[in-house]
Amino acid sequence: MKSFDRIKPYLHENRYRILAGLACLMAVDLFQLLIPRVIKYAVDELTTFSIDWPTLLVYASYLIALGLLIAVFRYFWRMCLLGVSRRMEEGLRNRLFEHLQTLSPSYFDHVKTGDLMAHATNDITHIRMAMGFGMVAAADAVMLGGAAIAFMAHINAKLTFYVLIPMPFIAFATRIFGGKMHRRYRSVQASFADLTEAVRERFTGIRIVKAFTKEPESDLFFKEKSDDYVQKNLRLVKITGSFIPIMTLFTNISMALVIFIGGRQTIMGDITPGDFVAFISYLGIVTWPMMAMGWVTNLIQRGRASLDRIDAIMRTTPTIRNRENAVARASTKGRIEFENLCFDYLGPKEDESRKEGAEAERCDSGVLSGIDLSVERGKPLGIVGPPGGGKSTLLNLIPRLYDPVAGKILIDGADIRDLKLADLRSWISFVPQEPFLFAGTIRENILFENGVETDEKALIEAAKAASIYETVVDFPRGFDTVVGERGVILSGGQKQRVALARAFLRQAPIILLDDPISQVDIETGADIVKAIRRMARYRTVIIVSHRLSALSFADRIVILDNGRIVASGDHAELMEQSEYYARTFRLQEIEEAYHAV
């Protein structure tokens, strides 16, 4: 029941709408209960031939009036109660999205996107159905069914007793089948998440599938996921398909008892024909709750399973968050220091061993080990090394996308874990190794929520610094060109330069560049490096690159290999001291000269 706490605020916030809706629902139930009474009097007078057509017209008018009142009040209870379920659906979906954005990148390293999509769509819809139609039907069943039974008891208590004989069996069946439905609904929802992820992944990578002519294999993979989803649903249908017919059987047993016993009482004169007809009408009213119990249980169990899944996500806490005593700072001078830094992707809070010496052992075998560095404003740092050496990881630690296992990262002498996350990240412009573009225009991707106040001149200057301006103006719609999903209409180099323009526009005091010219030609790369050198005069710049010419201007260059700094110095010093650096630089020089011919 803890997961129910997720929807309590919406129930409290909309309590007056809910009360108004329930009042309208009770009114509808009352009017429905009056209809058999009108029919009773009409039938009794018809059987005794003591009625004339004006009186029949009066009874017909009563029925029409009751029908109109039912229609009006039913409209209002649907607007109130189902409207609340829609508001709750919107609120839950917004809260889920907001919460997901607070979670650390490590969470998304092991959670499938398709699973999250299923939570945000299918699960939220099931919760809305359970809290909308499910709860309304349950409340209606209790109020309408209870009142109908009371009217039936007023007509004939003995006959009512016989009608209620199947009720304990219905309650027992509901208890047994409800637990099984809940477990199987959870299984169905998990399978739906896998199916959603399979669709997302295959269509995201459709160009690779086509390039390797793997459509048949892709079809087979999707069919396996689809078949698993169908099989899980069929297992669920075995339960729901048995439950609903059982409810119908018990309902018909009640009807059979009424026809047999009530018919005899009518013949014997114990009850009037009008009472008999009214009793059957009330039984029809009770029949709906009995038959709907299976449908309601179905909805509520499905909603409960979905609510449990949403609750599990909402209870997940980010590993990267503000400390209680985190300090707020408006600005920074940009001095960055790494003190004996160690890191591995288990994360500082996910390792179960806290014994003495465990941290040191992880430092020795981690992605980064014993990193000691300092970077001053106006003195750019270059980082090179073979693939897998930990270069990108080091950059990811500065904006606290991950936290180190041991050691510290200091900015202006303060541990970054003691700073407000929002302040820390506002100081940084970050260009990751794999540039990501959203499915909007080039303008929207460069501005990236910076607001409409950013002037056109700043936008153009950022585009020129990233060497993308000339390319953009050649497009028919210029900056308003739609790039498509993940920037599909742009080349790799163009996407990279748009991402660079986004970072340059921000004017942050710290710039982190992860292989910023890896996808552009030599001439364009040289222009971008010139722009970076100009920025480096008054900002703190850390640049990772496999192309050594991109960082030969840096005041200091370090070589990372297997997570350790194996060499450090400026370009001239490393050419003399590091065989790896000198050999790589000369090979790239030859390659660049060859392409320049």
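Being a predicted model, the structure only gives us computed values, none of them experimental. Starting from 1, residues in each chain are numbered consecutively following that chain's sequence as written. At least 70 in pLDDT is required for a residue's local features to be given in this predicted model, at least 80 for side-chain atom pairs to be given and counted, and no such filter applies to totals for whole chains, interfaces and linings, which use all residues. Side-chain figures throughout are based on the complete set of non-hydrogen atoms in the structure, without hydrogens or water.

(A) Local environment of the pattern of salt bridges. In what follows, salt bridge is the name for a side-chain nitrogen of Lys or Arg lying within 4 Å of a carboxyl oxygen of Asp or Glu. Under the definition given, this model contains 17 salt bridges. The closest approach of N and O atoms between Arg315 and Asp311, which form a salt bridge, is 2.7 Å. The exposure class of Arg315 is partly exposed, given its relative accessible area of 42%. The cut-offs for exposure are 20% and 50% of the maximum accessible area for each residue type, with area from a 1.4 Å probe on protein chains only; residues under the lower value are buried, those over the upper are exposed, and the others partly exposed. The class of Asp311 is buried, set by a relative accessible area of 8%. When salt bridges that share partners are traced, they join Arg86, Glu89, Arg93 and Arg128 into one network.

(B) Molecular detail of the sheet that holds strand 3 (residues 381-384). Whether two strands pair depends on DSSP finding at least two bridges between them. Here a helix means four or more residues in a row that DSSP labels H or I, a strand means two or more in a row labelled E, and each is numbered from the N terminus. Spatially, the six strands line up as an open sheet ordered 6-7-8-3-9-10, and their pairing is mixed. Edge positions in the open sheet fall to strand 6 (428-431) and strand 10 (564-569), since each of these has one partner strand only. The average undirected angle you get between the axes of adjacent strands in this sheet is 15°. Across four bridges, strand 3 lies against strand 9 (residues 556-561) in parallel orientation. In the strand pairing of strand 9, Ile383 is matched with Val558. To obtain an axis, a line is fitted to C-alpha atoms, over the contacting stretch when the element is a helix, and the angle between two such axes runs from 0 to 180 degrees between their N-to-C directions.

(C) Focus on the pairing of strand 8 (residues 540-544). Among the five residues that make up strand 8, five are buried, leaving the element largely enclosed by the rest of the structure. Residues Thr540, Ile542 and Val544 line one face of strand 8 and the alternating positions Val541 and Ile543 line the opposite face, and both faces are buried. Sheet topology note: the strand 3/strand 8 ladder contains three bridges and is parallel. Paired with Leu381 across the bridge in strand 8 is Ile542. Look down the strands so they point away from you; if the path from the first strand over the helix to the second goes clockwise, the crossover is right-handed. In this fold, the crossover linking strand 7 (residues 510-514) to strand 8 by way of helix 18 (residues 522-536) has right-handed handedness.

(D) Quick peek at the packing of aromatic side chains. For Phe, Tyr and Trp, where Trp contributes only its six-membered ring, two rings pair if their centres lie within 6.5 Å, and the inter-plane angle classes them as stacked under 30 degrees, edge-to-face over 60, or tilted in between. Under the criterion given, the structure shown has ten aromatic pairs. Centre to centre, the rings of Tyr75 and Phe76 are 5.3 Å apart; their planes meet at 75°, and the pair counts as edge-to-face. With relative accessibility at 42%, the residue Phe76 sits in the partly exposed group. Following the ring pairs from residue to residue traces out a cluster consisting of Phe436, Phe438 and Phe448.

(E) Looking closely at the pairing of strand 7. For strand 7, a buried count of five out of five residues is recorded, marking the element as mostly surrounded by other parts of the structure. Bridge count between strand 6 and strand 7: four bridges; the pairing is parallel. Considered in strand 7, the bridge of Ile428 is made with Ile510. With five bridges connecting them, strand 7 and strand 8 associate as parallel partners. Residue Leu512 lies in a different strand from strand 8, and its bridge partner there is Ile542.

(F) Quick peek at the state of the cysteines. The disulfide criterion is simple: two cysteine sulfur atoms within 2.5 Å. This model, assessed by the stated rule, comprises zero disulfides. Here Cys24 is not disulfide-linked; the sulfur of Cys80 is the nearest cysteine sulfur, at 5.7 Å.

(G) Up close: the packing of helix 15 (residues 456-465) against helix 17 (residues 492-505). Taken N-terminus to C-terminus, the directions of helix 15 and helix 17 make an angle of 130°; their axes are 8 Å apart at the nearest point. With respect to each other, helix 15 and helix 17 are oriented oblique. Helix 15 and helix 17 meet at a crossing whose hand is right-handed. Packed against helix 15, whose contacting residues are Ala458, Leu459, Ala462, Ala463 and Ala465, the element helix 17 presents Ala501, Phe504 and Leu505 at the interface. Throughout, the ten residues Ala, Val, Leu, Ile, Met, Phe, Trp, Tyr, Cys and Pro are labelled nonpolar, Asp, Glu, Lys and Arg are labelled charged, and all others, Gly among them, are labelled polar. The residue inventory of the contact of helix 15 with helix 17, partitioned by class, reads eight nonpolar, no polar and no charged. Roughly parallel means an angle under 35 degrees; roughly antiparallel means over 145; roughly perpendicular covers 65 to 115; every other angle is labelled oblique. By definition, any crossing whose near helix is turned counterclockwise from its far helix by less than a right angle is left-handed, and any crossing with a clockwise turn is right-handed. We call two residues in contact whenever any of their non-hydrogen atoms come within 4.5 Å of each other.

(H) Representation of the environment of Tyr75. Within the element layout of this structure, Tyr75 appears in helix 3 (residues 53-102). The sequence separation of Tyr75 and Val142 amounts to 67 residues, and the corresponding C-alpha distance is 20 Å.

(I) Region of the structure containing the nonpolar core. One finds Ile446, Phe479, Phe504, Ile532 and Tyr581 to be the most contacted residues of the largest nonpolar core, which totals 47 residues. Counting residues in hydrophobic clusters, the runner-up holds 29 residues, among them Leu394, Tyr402, Ile428 and Val544. Throughout this description, the term nonpolar core refers to a set of buried Ala, Val, Leu, Ile, Met, Phe, Trp, Tyr and Cys residues connected via side-chain atoms within 4.5 Å.

(J) Seen up close, the environment of Ile170. The residue Ile170 is located in helix 7 (residues 167-204) in this model. Along the chain, Ile170 and Val473 lie 303 residues apart, while their C-alpha atoms are 72 Å from each other.

(K) Broad picture of the packing of helix 2 (residues 15-47) against helix 5 (residues 113-155). The contact between helix 2 and helix 5 brings their axes to 10 Å, and the two run at 30°. When the axes of helix 2 and helix 5 are compared, the pair comes out roughly parallel. The chirality of how helix 2 crosses helix 5 is right-handed. Residues Leu22, Leu25, Met26, Asp29, Gln32, Leu33 and Arg37 of helix 2 touch helix 5, and the partners they reach there are Val136, Ala139, Asp140, Met143, Leu144, Ala147, Ala148, Phe151 and Ile155. Across the contact of helix 2 with helix 5, the residue classes tally to twelve nonpolar, one polar and three charged.

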